[in-house]
Amino acid sequence: MVSEMKVEVTHKETIKPSSPTPSHLQTTNLSVFDQLSPDVYIPLLLFYPKNSRDDEANNIDHHSSIAERSKILKTSLSETLTHFYPFAGEFEYNVSISCNDHGAAFFEARVNCPISTILDEPDFGILRKLLPTGIGSTQADTGFLLLVQANFFECGGLAIGVSSSHIITDAYTLSRFIKSWADIALMGSTTTDHHALLPKKFGAAATLFPQLDFLNSPQPALEFAEEKCITKRFVFHASKIAALKSRAASATAPNPTRVEAVSALIWKCAMETSRLSNSGVVRASEWSSVVNIRKILVQQPLAYDLMGNLVGLFSVRTVASEVVDIDVQSLVAKLRKGVEEFKIKYGNGVSGEKACQFFREFGNLMTRDVDNYKCSSWGRFPFYETNFGWGKPLWVCQSTGLKNLIVLMDTRDGVGIEVSLTFKEETMAVFETNKELLAYASVNPTVIY
């Protein structure tokens with residue numbers, strides 16, 4: 001049974017860059033967006049089933065296979081850290097990263113069950129055991145900006161757990177790092193021509209988006225609510241996405257994106273859940289979406305490939321009187337208007353003061369007496385192209401476990417959407433039975449299909 005699964009860390013090691021960081025790169029200044037990012041870890045899990053054909057062809061037994069794959073991961077990680085040198089550095093409080101080749105933490109673990117036990121019916125409580133640290137950990141707690149855990153299952157399968165400090169990474173930067181790491185592993189450590197894989201210079205964001213002095217002083221820590229929450233997974237397959245987009249279309253938004261359509265449906269069902277859970281009382285509701293600012297800075301094309309954090313937030317809301325008769329079309333229209341207004345407002349550039357403004361607005365939102373939801377879309381990032389040499393991942397997942405956080409990721413075919421969302425337990429019990437939701441989404445289907 002999954003509940004009896006044990007994860008035993010058998011080896012710990014610090015992986016340092018394969019080449020020393022040059023003296024002129026040993027300080028990477030933070031941008032204002034890095035300063036505003038919480039000191040928490042972004043979690044990611046990539047699952048690889050056993051590649052029995054390769055093992056049989058090379059006459060490799062289970063223990064030798066583990067040793068070989070672990071060596072490949074560590075050697076290529078060391079090479080990758082040479083190019084992503086801030087990942088191996090240390091945090092100098094809210095000013096810079098000391099790129100002193102401190103290294104990244106690498107854990108090797110054994111899992112006492114086959115990988116199919118996890119993938120048949122994923123449980124986020126169990127999945128978090130495969131990560132090297134909890135999201136609520138800080139850099140001061142762990143001593144590293146990057147931690148990796150290679151989990152080897154008794155069947156020969158592998159799950160790679162990555163925890164990357166939000167101080168230096170958003171989803172875009174993490175995807176670039178993971179893809180570069182895998183490509184270097186696939187090409188082999190003897191290959192020196194890795195330049196095509198590498199990002200632009202780190203620290204460039206600090207030039208375009210200078211830090212603000214008042215953010216150098218200690219900021220309030222991100223507090224995790226003590227309420228009992230549960231994370232569940234809902235999968236919208238391609239055919240259901242098409243039907244939902246058709247239903248969500250309107251004169252205002254005749255061609256809704258899949259993210260808009262899925263977000264609108266989840267928001268609508270969440271509002272209905274709130275009303276049912278509050279004895280019919282209708283509450284105002286707000287939805288905040290994370291935006292990759294690289295895509296909207298039309299006057300700053302150099303920003304497109306910047307590393308670090310470069311995200312903003314826009315919020316849209318419904319007043320209590322709207323909620324009773326709200327439909328998916330009107331919610332899509334609100335989401336479309338929200339992102340278009342954000343593009344107009346910030347497309348020509350974002351000052352530090354403006355960046356503070358939309359994060360401050362989000363902070364105010366979290367304290368108002370309304371139902372608030374935060375959505376982060378990881379769609380179109382190439383996580384399913386991550387091939388270290390034993391094929392592409394069967395499943396990629398991400399979950400922070402933060403209350404009312406909705407994370408959207410691609411399904412393996414790149415067309416559907418997989419949603420992980422975290423609600424209070426009693427809220428989830430009502431939400432997951434919503435008939436309108438279940439007409440489009442499958443609740444935690446098996447990954448093995």
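Residues numbered from 1 in each chain as written. Predicted model: local features only at pLDDT ≥ 70, side-chain atom pairs only at ≥ 80, totals over all residues. Heavy atoms only, no water.

## Examining the sheet that holds strand 7 (residues 146–153)
Part 1 of the reasoning: An order of 1-6-7-8-3-13 is seen for the 6 strands of this open sheet, with the pairing classed as mixed. Looking at which strands have only one partner, the edges of the open sheet turn out to be strand 1 (7–15) and strand 13 (395–397). Direction aside, neighbouring strands of the sheet carry axes that sit 15 degrees apart on average.
Part 2 of the reasoning: Of the pairings in the sheet, the one linking strand 3 (residues 41–48) to strand 8 (residues 158–165) comprises 8 bridges and is antiparallel in character. Directly across from P43, in strand 8, lies its bridge partner S163.
Part 3 of the reasoning: Each of strand 3, strand 7 and strand 8 is contacted by helix 7 (residues 171–187), which is oriented at about 140 degrees to strand 8, the strand it contacts most. (Pairing = 2+ DSSP bridges. Helix = DSSP H or I, 4+ residues; strand = E, 2+ residues; numbered from the N terminus. Axes fitted to C-alpha atoms, helices over the stretch in contact; angles between N-to-C directions. Contact = heavy atoms within 4.5 Å.)

## Concerning helix 9 (residues 238–248)
Part 1 of the reasoning: Looking only at helix 9, the buried set comprises I241, L244 and A248. Buried residues in helix 9, looked at end-on, bunch into an arc of 65 degrees, giving them a common side. With respect to the buried face of helix 9, the exposed residues turned more than 90 degrees away are S239 and S246. (Buried < 20%, exposed > 50% of the residue type's maximum accessible area, 1.4 Å probe, protein only. Arc of directions from axis to C-beta.)

## A closer look at the nonpolar core
Burial of nonpolar side chains together is a common tendency in soluble globular proteins.
Part 1 of the reasoning: Counting 69 residues, the largest nonpolar core has L44, F47, I160, W181 and W378 as the members making the most contacts within it.
Part 2 of the reasoning: Here this core takes 8 residues from helix 7, the largest share from any one element.
Part 3 of the reasoning: Apart from residues no more than four positions distant in its own chain, F47 is found in contact with I115, I118, L119, L127, L130, F153, L158, A159, P393, L394, W395 and C397.
Part 4 of the reasoning: In this structure, V262, A270, I326 and F423 belong to the second largest nonpolar core, which totals 56 residues. (Core = buried A, V, L, I, M, F, W, Y, C linked by side-chain atoms within 4.5 Å.)

## Describing the side chain of N434
Part 1 of the reasoning: Mapped onto the elements, N434 comes out in the loop between helix 14 (425–431) and helix 15 (435–438).
Part 2 of the reasoning: A distance of 2.9 Å separates a polar atom in the side chain of N434 from a polar atom in the side chain of E272.
Part 3 of the reasoning: If we ignore the near neighbours within four places in the chain, the residues touching N434 are C269 and E272. (Polar contact = N/O pair within 3.5 Å; in protein donor to acceptor, adjacent residues only side chain to side chain.)

## Notes on empty space enclosed by the protein
Part 1 of the reasoning: Counted according to the given criterion, the structure contains 5 cavities of 30 Å³ or more.
Part 2 of the reasoning: Here the largest cavity is characterised by a volume of approximately 100 Å³.
Part 3 of the reasoning: Forming the boundary of the largest cavity are 13 residues, of which T28, D34, F202, M307 and G308 lie nearest the centre.
Part 4 of the reasoning: Of all the secondary structure elements, the ones that give two or more residues to the lining of the largest cavity are strand 2 (27–29) and helix 8 (204–208).
Part 5 of the reasoning: In terms of residue class, the lining of the largest cavity is made up of 8 nonpolar, 4 polar and 1 charged.
Part 6 of the reasoning: If you add up the space inside the second largest cavity, you get close to 60 Å³.
Part 7 of the reasoning: For the second largest cavity, the full set of lining residues is P43, L44, L45, F124, L127, R128, L131, C397, Q398 and S399.
Part 8 of the reasoning: Mapped by element, the contributors of at least two residues to the lining of the second largest cavity are strand 3 and helix 5 (124–127).
Part 9 of the reasoning: The biggest single contributor to the lining of the second largest cavity is strand 3, with 3 residues. (1 Å grid on protein atoms, 1.4 Å probe; cavity = no way out; pocket = protein on both sides within 12 Å on 5 of 7 lines; lining within 4 Å. Points joined across faces, edges and corners; volume = space filled by probe spheres on them. Nonpolar A, V, L, I, M, F, W, Y, C, P; charged D, E, K, R; others polar.)

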